[in-house]
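For reference, the chains in residue letters:
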Amino acid sequence: FLRKEKYSVNTIRNIMADLSAIFNAAKYRYNDEELGIIKIHNSPFSRYSIPKKQESKKKALDIEFLKNFRDMELESQTSRDARDLFMLSFYMCGTNMVDFHKYLTDPNIKRFEYNRSKTKDKRDDEAFISIKVIPEAEVLIKRFAGDIQKRFNTQKGLNNLVWNAFKNDL
């Protein structure tokens with residue numbers, strides 16, 4: 001079974017770095033060089049150079065695109081909700097839907113303060129974030145705060161609303 005797709009340099013780098021780490025962990029566990037116990041003799045990564053990471057392309061959205069997207073007329077309420085949630089995320093410095101679902105409960109906030117779900121267990125400050133609510137976001141927060149938790153039992157449902165609308169409707 002051969003795949004014909006070409007993999008990016010970063011994909012190859014990540015896979016090879018993982019393989020190297022697994023191999024080195026096995027050598028560490030099963031070999032004891034001080035006692036002369038060498039169960040894994042070869043070292044395939046000693047002469048292999050893992051490719052350098054390539055910088056990702058910038059994904060900044062054009063201001064005219066954002067204005068047109070924000071102002072476009074959409075027929076379904078689902079599409080309008082998905083668009084407005086995307087714009088809310090944009091206004092709130094890229095806040096993820098999981099964090100809106102978990103923390104966006106008060107429609108009258110002046111600052112949105114939360115511990116970012118994706119990284120809170122990896123940082124000493126528990127990934128605490130505080131974002132000033134700008135006027136453009138205030139209207140959307142009043143509309144969605146507390147309501148998205150009622151409409152969606154899980155954050156996955158909320159996330160699916162946004163992504164499916166982008167794939168299918170918008």
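Everything below is about the structure shown above.
Anyway, here's the lowdown on the structure attached to this text. Because the structure is a prediction, the values reported are computed rather than measured. (Residues numbered from 1 in each chain as written. Predicted model: local features only at pLDDT ≥ 70, side-chain atom pairs only at ≥ 80, totals over all residues. Heavy atoms only, no water.)

Description of a nonpolar patch on the surface
There is a patch of nonpolar side chains on the surface, built from Y7, I12, Y48 and I50 and spanning about 340 Å² of accessible area. The residue I50 is located in the loop between α1 (9-30) and α2 (63-71) in this model. (Patch = residues over 30% accessible without salt bridge, like charges linked within 9 Å, V, L, I, M, F, W, Y side chains within 5 Å. Areas by Shrake-Rupley, 256 points an atom, 1.4 Å probe, with all protein chains shown as cover. Salt bridge = Lys/Arg side-chain N within 4 Å of Asp/Glu carboxyl O. Helix = DSSP H or I, 4+ residues; strand = E, 2+ residues; numbered from the N terminus.)

Observations regarding the side chain of R83
For R83, the position within the fold is in helix α3 (residues 77-91). Polar side-chain contacts of R83 include one of 2.8 Å to the side chain of D84. (Polar contact = N/O pair within 3.5 Å; in protein donor to acceptor, adjacent residues only side chain to side chain.)

Some details on the packing of α3 against helix α5 (residues 135-144)
Between two packed helices, both the angle of their axes relative to each other and the distance between the axes serve to describe the pair. With their axes 10 Å apart at the nearest point, α3 and α5 run at an angle of 130 degrees to one another. If you check the angle between α3 and α5, you find them oblique. By crossing handedness, the relation of α3 to α5 is classed as left-handed. Seen from α3, the contacting residues are Q77, R80, D81, D84, L85, M87, L88 and Y91; seen from α5, they are E136, A137, L140, I141, R143 and F144. Classifying every residue of the contact of α3 with α5 gives eight nonpolar, one polar and five charged. (Axes fitted to C-alpha atoms, helices over the stretch in contact; angles between N-to-C directions. Parallel < 35°, antiparallel > 145°, perpendicular 65-115°, else oblique. Left-handed = near helix turned anticlockwise from the far one by under 90°. Contact = heavy atoms within 4.5 Å. Nonpolar A, V, L, I, M, F, W, Y, C, P; charged D, E, K, R; others polar.)

What to know about the side chain of D84
Within the secondary structure layout, D84 lies in helix α3. You can call D84 buried: its relative accessible area is 11%. Every residue in contact with D84, bar those within four places of it in the chain, is listed here: L140, R143 and F144. (Buried < 20%, exposed > 50% of the residue type's maximum accessible area, 1.4 Å probe, protein only.)

A closer look at the pattern of salt bridges
In this structure the tally under the stated criterion is eight salt bridges. Among the ionic pairs, R143 bridges to D81, the shortest N-O distance being 2.5 Å. Placement of R143 in helix α5 and of D81 in helix α3 is noted, with a sequence separation of 62 residues between them. In this structure R143 comes out as partly exposed when scored by relative accessible area, which is 34%. For D81, a relative accessible area of 3% gives the class buried. Close ionic contact of R123 with D125 constitutes a salt bridge, the shortest N to O distance being 2.8 Å. Its relative accessible area of 39% is what places R123 among the partly exposed residues. Classification of D125 as partly exposed rests on a relative accessible area of 40%.

Here we look at α1
With 22 residues, α1 extends 31 Å between its outermost C-alpha atoms, agreeing within 8% with the 32 Å of an ideal straight helix rising 1.5 Å per residue. Where α1 is concerned, the buried positions are N10, M16, S20, F23 and K27. Buried residues along α1 cover an arc of 155 degrees about the axis, so they all sit on one side. Exposed residues on α1 whose side chains face more than 90 degrees from its buried face are I22 and R29. (Expected span 1.5 Å × (residues − 1). Arc of directions from axis to C-beta.)

Shape is all these values report; function is a separate question.
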